[in-house]
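Coordinate inspection notes
Here is what each chain is made of, one letter per residue.
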Amino acid sequence: MEWELSLAPHFKQTRALVQSMQARGLSVWADDVTPHTLEMWLKVGVNGLKVEIEAIKNDNSFIDQLKITKLPIIIEKVETESQHEFIKNLGIVLAQGFYYGKPKENDKTEKIKIKTSV
């Protein structure tokens, strides 16, 4: 929320930056969207919305607001089958979280671990 509050005084510059990135072919998504920040992100003109599952869990009006935007929505922090079924039943088809797989370490991370354990 702090970042969103700090954005308000720089709205025009943020909007211009988003438009500039989009003009270069990039897709700009808003992360950790809440009922309090949704309108701001829509005014900025983002291409998609990332929302933590906790934000929609008990808030049907927020779910409806998200769907009305017609923007792609990714639900974050999906960790259980019941959460997966919940968002699937809402018609949301993009999600991320431990339910789908844990992060994998790359070779560089493993080398760092080996060096620090010796």
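Further up the page is the structure itself.
Quick look at the structure, then.

Here's the deal with the sheet that holds strand E2 (residues 48–52)
Spatially, the four strands line up as an open sheet ordered E1-E2-E3-E4, and their pairing is parallel. Because the sheet does not close on itself, it has two edges, and the strands there are strand E1 (29–30) and strand E4 (94–95).

Section: the nonpolar core
Val33, Trp41, Leu49, Val51, Ile56, Leu66 and Ile75 are the most contacted members of the largest nonpolar core, which totals 23 residues. At the level of secondary structure, the elements contributing two or more residues to this core comprise helix H3 (38–44), E2, helix H4 (53–56), helix H5 (60–68) and strand E3 (73–76). Here this core takes four residues from H3, the largest share from any one element. With residues near it in sequence (within four places) discarded, Ile56 still touches Val51, Phe62, Ile63, Leu66, Ile75, Phe86, Ile87 and Leu90.

Some details on the side chain of Thr69
Of note, Thr69 is situated in the loop between H5 and E3. In this structure Thr69 touches Leu38, Leu42 and Leu49, once residues within four positions along its chain are discounted.

Let's talk about the pairing of E2
Of all the five residues making up E2, four are buried; the element is thus mostly covered by neighbouring parts of the structure. Of the strand pairs in this sheet, E1 and E2 are connected by two bridges, and their pairing is parallel. Within the sheet, the bridge partner assigned to Ala30 lies in E2 and is Leu49. In this view, the connection linking E1 to its parallel neighbour E2 by way of H3 has right-handed handedness. Pairing geometry for E2 and E3, over four bridges, is parallel. By the bridge assignment, Lys50 is partnered in E3 with Ile74.

Thresholds applied
Residue numbering note: each chain is counted from 1, following its sequence as written. Totals for whole chains, interfaces and linings use every residue, but because this is a predicted model, local features are given only for residues with pLDDT of at least 70 and side-chain atom pairs only at 80 or more, for both listing and counting. Processing note: side-chain calculations cover all non-hydrogen atoms of the structure and skip hydrogens and water entirely. Any two strands are treated as partners once DSSP identifies two or more bridges connecting them. Starting at the N terminus, helices and strands are each numbered in turn, a helix being any DSSP run of H or I of at least four residues and a strand any DSSP run of E of at least two. The term nonpolar core refers to a set of buried residues drawn from Ala, Val, Leu, Ile, Met, Phe, Trp, Tyr and Cys, joined through side-chain atoms within 4.5 Å. Here the term buried applies to any residue with accessible area under 20% of the maximum for its type, exposed to any over 50%, and partly exposed to those in between, with areas from a 1.4 Å probe on protein chains only. Every residue pair with non-hydrogen atoms within 4.5 Å of one another is taken to be in contact. With strands facing away from the observer, any crossover in which the path from the first strand over the helix to the second runs clockwise is taken as right-handed.

All quantities given are derived from atomic positions and should not be read as evidence of function.
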